[in-house]
Amino acid sequence: MTSRPARVLGLMSGTSADGIDAALLELPGWPALGAGGAAAWRGWPPLTGPVPRGRVLAHTFTPYPAELRAAVLRAARNEGTPAELTQLHWALGEALAQAAAPLAPDADLIASHGQTVQHHPRPDPARGWARPATLQLGEAAVIAARTGRPVVADFRPADLAAGGVGAPLVPLADWALFAQSGVCRALHNLGGISNLTYLPGVDPAGVLAFDTGPANCLLDEVAGRAGLTHDEGGALARAGAVHGPTLAAWLAHPELNMPPPKATGREVWTLARLPQPADLSLPDLAATATAFTARTVAQAYRRWVLPRGLDEVVALGGGARNPVLMAALRAELPVPLRTAAELGWTEHGFTDASREAAAFAFLGYARAQGWPGTLPHTTGAAHAVAAGKWIPASPTGASP
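Residues numbered from 1 in each chain as written. Predicted model: local features only at pLDDT ≥ 70, side-chain atom pairs only at ≥ 80, totals over all residues. Heavy atoms only, no water.

What follows deals with the sheet that holds strand β9 (residues 208-214). In spatial order, the strands read β9-β8-β7-β10-β11; together these five strands make up an open sheet with mixed pairing. Each edge of the sheet is formed by a strand with only one pairing partner; in this case those strands are β9 and β11 (337-339). Taken pair by pair, the neighbouring strands of this sheet meet at an average axis angle of 25°, ignoring direction. Sheet topology note: the strand β10 (residues 312-316)/β11 ladder contains three bridges and is parallel. Opposite Ala 315, over in β11, you have Thr 339 as the bridge partner. Contacts from helix α10 (residues 323-332) reach β7 (184-190), β10 and β11 within the one sheet, and its direction differs from that of β11 by about 140°. (Pairing = 2+ DSSP bridges. Helix = DSSP H or I, 4+ residues; strand = E, 2+ residues; numbered from the N terminus. Axes fitted to C-alpha atoms, helices over the stretch in contact; angles between N-to-C directions. Contact = heavy atoms within 4.5 Å.)

Here we take up the environment of Ala 144. Turning to its location among the elements, Ala 144 is positioned in helix α3 (residues 140-147). For Ala 144, a relative accessible area of 1% gives the class buried. It is 25 Å that separates the C-alpha atoms of Ala 144 and Ser 16, two residues lying 128 residues apart in sequence. The contact partners of Ala 144, leaving out residues within four places of it in the chain, are Arg 149, Val 151, Ile 391, Pro 392 and Ser 394. (Buried < 20%, exposed > 50% of the residue type's maximum accessible area, 1.4 Å probe, protein only.)

Taken as a whole, the second largest pocket holds about 510 Å³ of empty space. As for the second largest pocket, its lining consists of 20 residues, and the residues nearest its centre are Leu 73, Ala 76, Arg 77, Arg 266 and Thr 270. Here the lining of the second largest pocket takes four residues from helix α6 (residues 217-225), the largest share from any one element. (1 Å grid on protein atoms, 1.4 Å probe; cavity = no way out; pocket = protein on both sides within 12 Å on 5 of 7 lines; lining within 4 Å. Points joined across faces, edges and corners; volume = space filled by probe spheres on them.)

Let us now look at the side chain of Arg 53. Within the element layout of this structure, Arg 53 appears in the loop between β2 (19-27) and β3 (55-63). No salt bridge is formed by the buried Arg 53, whose closest oppositely charged neighbour, Asp 174, lies at an N-O distance of 10 Å. For Arg 53, the side chain forms a polar contact with the main-chain oxygen of Thr 48, separated by 3.2 Å. With residues up to four places along the chain from it excluded, the contact list for Arg 53 reads Leu 27, Trp 30, Leu 47, Thr 48, Trp 175, Ala 176, Leu 177, Phe 178, Ala 179, Gln 180 and Val 202. (Lys, Arg positive; Asp, Glu negative; His and termini not counted. Salt bridge = Lys/Arg side-chain N within 4 Å of Asp/Glu carboxyl O. Polar contact = N/O pair within 3.5 Å; in protein donor to acceptor, adjacent residues only side chain to side chain.)

Any functional reading would require information beyond the geometric quantities listed.
See below:
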């Protein structure tokens, strides 16, 4: 065991399915990796001092090749054969290993979220969902074999098995790294799906987290119809106008009225399942989807967060780089909308792009310590679980 602080490499590919973020997280002040300790929350080191309680030493983004991204999106649409799904699982393992390779020599451990292709948080007989289930692809054994590092992967199933909805999983890491005494803060991830972590000071019992609906997934679909991967800078939405009747119809979706804990995904939020006029232009559809994301985010805060007290919202994820979406959110939210740069977190390597991969790095660290990897009240689980499966280092991988 080295004398330096623990270093964990987190790998994350979200519902946007655009590629892999890799973040090398160092944890000065935290117990040595594998030191163990009490599993109960009261046994955690006290959360004191300034935030963030860690630093991202390096961050990389590896885009998916077009063919691989197309295969991921086919799987998310419930298309393809078992053979194709099997091939995709191993191809994603290789892609994750390649994304990890530049930073793996400096890591003690790798934590891989994998690529979600299906997430069924609750039974839905109309859609053939007889039970809660989830599927993340990207074979962890391949990552361990190629990098020579132990890997923690497959974080969500344990929470579902304990009765939770399996998402969001990052609240424990958000609390450990960013909770601040005397500050009621929400970290809001604008990935493919929109989700928040509410941190009312440093008490973990007060943490609230849930998916609010879509963020970029509908915008990416609209951009795809224009031959683009995403709406760069919000240019498509800026050129259009919000279509009021379509916005109103989308806002009536029953999923939006469900109280937390709740999780959702592309299985629900796809243009094919939402009403829209056939002659609606792509710019108008993009403007409507942008307004819909902003409105649903603001409604979620007004219903379930503001009554608890809220000082600020911190925007993270790819949507934080969309100025049109950010302007819409600032117009809708009743509290200030900050960025990681405004709070000085980028000086510690935490950016809108690195935060989620760093969060899974922390969850991998928690698994190595034998600590729970979830806050069960945020997902509805009956009890806290040690999230993630442990894959030992492969002796055939790169030498340490």
